[in-house]
Amino acid sequence: MTFEPADRVDQVPPSGIRRFFELAEEMDDIISLGVGEPDFSTPWSAREAAIASLEQGKTSYTANRGKRELRERIADDVAERYGLDYDPDEEILVTTGASEGVDLAFRALLNPGDQVAVSQPCYVSYKPGVTFAGADVIDVPTRVADDFKLTREVLEDSGAAEADALIFCYPNNPTGATMTEAELRPVAEFAREHDLLVFADEIYSELSYEHDHTSIATLPGMRERTVVFNGFSKAYAMTGLRLGYALAPPEAITAMNRIHQYTMLSAPTTPQYAAIEALDNCESELREMREQYDRRRQLVLSRFDEMGLDCFTAKGAFYAFPECPWDDVDAFAEALLEAKRVAVVPGSAFGVGGDGHLRVSYATGMSDLKTAMDRIESFLADQ
Amino acid sequence: MSNRKDVLAVLRENARQSNADIARQTGLTEPEVERIVDELESEGVVKGYTAIVDWEAVEEGDEPVRATVELNVTLDRETNYIDIADRIAKFPQVKSLRLISGDYDFDMEVEGDSMSEVSHFVSDKIAPIPEITQTVTHYIMESYKEQGIEFGDGNDDDRLSISP
Ligand SMILES: Cc1ncc(COP(=O)(O)O)c(C=O)c1O
């Protein structure tokens, strides 16, 4: 016998950014605008809380659903920020990153053959996650003409009415697009009309620069059909600590926890202490990071405008998504890397609708960012 | 008002940026930034710009001797804190001077070429001021953070160069 990947694994292509990653890793003098995580470190007081918990020997498992104290803080926090109302005992599950939450929701709530409308371009894990759960993907390509917002029209055009569930993410990775409450309403209406479950990845909710973040779960008739994913990775620069959470009605959380309790047991303990501290005492650090991202965002958008690179006004996360001036996006990204030592990621890595664009991350210090902009400008001028 | 706040925030992060770059980060035009910076300077909101130096990293011998000095004073009907502060602040050796709460009154930072220069300055120029009742000098031995900037090697960026 030999090791043959199972069919559902074999079905999933290797990550689209892999080849590009290998190219970039070979060079040591590059400025990378290809990074999907904060350049800041976790606020020191949160790190200290983690260290203190280790010193006190708090290294055992926690409750399956996460420390009760943390779930209470999460409940208070989402109530205050977004007007979400979830019960810490029954409706909150602390997960190993939002990533685990997404995987759990798919596996716990989808049946083989179910169809999931996946709004794209999107984070790379959704489509494989749907496949691993034995369900099928319906591609929903958002359009640059709509600033990559999800609209009723693209949902209808892509056949999402037939779907059992819908997943989307705003503020969005890779586009930086956001959606206001008014823009979410037709999406909510569509979900209600066609009785879709909604998976809302709100991991970038604190990084919305021009309007307050609205959670779709706050819209009428949505709470009962929505699972919200959020976490500490982006807002509190805690990616490596691997901590997130899911919010949903008790039936959904119970089902997700059924898998979680056997496969994960509990989310890592040390980061749960860091997270409690982050929610209690790191608001000013969060604000400071947000302000810095916003300044970088404005700088990048201005520079693109000045150098004639078409780019819609991205209002969230830490990405801009300019149109690629060449037809062959991969060739452009490679040439830019070779000639100017600046890494960006071809938009096609993020699914349908991303082709023809470049994901430019501004999770990079201001001085490197300025240098990178100079280099991109000179690369364009050389053509 | 909030434009001024935005410009001020950018300057406080790094004052050594072109008006064009400040404009790009704040959504203002370059002339607007120029006008706001002029205003901030002429109204005395922004008092100056300076480099934050890690003297440990500078060649041997160039490092100034620095001390923080606690000053106690007595006031009378004719003299208040401001009068005393004005006299002390005029000395170029005095780099900062603050009125503080607690056991002593002023917190003064002094800089000189040598320890004897600093101690002579304190004993010859500051201590004799009639309102000063006591001085306690603390020489600065090492600096780990100044004006919000941490010294030392800094954090290496060990993130993957490309990640989803
Ligand atoms: C849209 C989106 N969702 C989820 C994640 C994963 O987050 P976590 O670190 O909480 O697993 C990322 C990370 O890049 C992301 O961009």
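Residues numbered from 1 in each chain as written. Chains lettered and ligands numbered in written order. Predicted model: local features only at pLDDT ≥ 70, side-chain atom pairs only at ≥ 80, totals over all residues. Heavy atoms only, no water.

Where helix H11 (residues 283-306) of chain A meets helix H1 (residues 2-13) of chain B, the axes come as close as 12 Å, and the angle between the chain directions of the two elements is 95 degrees. Compared by their axis directions, H11 of chain A and H1 of chain B come out roughly perpendicular. The segment H11 of chain A lies against H1 of chain B, with Glu-288, Gln-292 and Arg-295 of chain A engaging Ala-9, Val-10 and Glu-13 of chain B. Residue composition of the contact of H11 of chain A with H1 of chain B, by class: two nonpolar, one polar and three charged. (Axes fitted to C-alpha atoms, helices over the stretch in contact; angles between N-to-C directions. Helix = DSSP H or I, 4+ residues; strand = E, 2+ residues; numbered from the N terminus. Parallel < 35°, antiparallel > 145°, perpendicular 65-115°, else oblique. Contact = heavy atoms within 4.5 Å. Nonpolar A, V, L, I, M, F, W, Y, C, P; charged D, E, K, R; others polar.)

Before going further, it helps to spend a moment on the environment of Thr-95 of chain A. Residues and elements named next belong to chain A. By secondary structure assignment, the location of Thr-95 is in strand E2 (residues 92-95). Accessibility expressed as a relative area gives 0% for Thr-95, which makes it buried. Remark: the alpha-carbon pair of Thr-95 and Gly-353, spanning 258 residues in sequence, is separated by 30 Å. In this structure the side chain of Thr-95 is engaged in a polar contact, spanning 2.8 Å, whose partner is the backbone oxygen of Gly-97. (Buried < 20%, exposed > 50% of the residue type's maximum accessible area, 1.4 Å probe, protein only. Polar contact = N/O pair within 3.5 Å; in protein donor to acceptor, adjacent residues only side chain to side chain.)

So, on to the nonpolar core. All names here are of chain A. Counting residues in each nonpolar core, the largest one holds 75 residues, and the members touching the most others are Leu-33, Phe-199, Phe-229, Phe-304, Met-373 and Ile-376. Among the elements that make up this core, the one with the highest residue count is helix H13 (residues 366-382) (seven residues). Of the residues that make up this core, three or more belong to each of domain 1 (7-42 + 284-382) and domain 2 (57-281). With residues near it in sequence (within four places) discarded, Ile-376 still touches Leu-33, Phe-304, Met-307, Leu-336 and Val-342. (Core = buried A, V, L, I, M, F, W, Y, C linked by side-chain atoms within 4.5 Å. Domains from an automatic or database assignment.)

As a further point, take the sheet that holds strand E1 (residues 65-73) of chain B. Residues and elements named next belong to chain B. An order of E2-E3-E1-E4 is seen for the four strands of this open sheet, with the pairing classed as antiparallel. A strand with exactly one partner marks an edge of an open sheet, and here the two such strands are strand E2 (94-99) and strand E4 (132-139). Sheet twist, expressed as the mean angle between neighbouring strand axes with direction ignored, is 20 degrees. Across five bridges, E2 lies against strand E3 (residues 106-112) in antiparallel orientation. Each residue of the ladder has a partner; that of Ser-96, found in E3, is Glu-109. In this fold helix H5 (residues 115-126) packs onto E1, E2, E3 and E4, with an angle of close to 170 degrees to the strand it touches most, E4. (Pairing = 2+ DSSP bridges.)

For chain B, the assigned domains are domain 1 (2-42) and domain 2 (56-144). Between the C-alpha centres of domain 1 of chain B and domain 2 of chain B there is a distance of 34 Å.

Turning next to the environment of Phe-199 of chain A. All names here are of chain A. Relative to the elements of secondary structure, Phe-199 occurs in strand E6 (residues 197-201). Phe-199 gets classed as buried once you look at its relative accessible area, which sits at 0%. For the pair Phe-199 and Leu-166, spaced 33 residues apart in the sequence, the C-alpha separation amounts to 6.1 Å.

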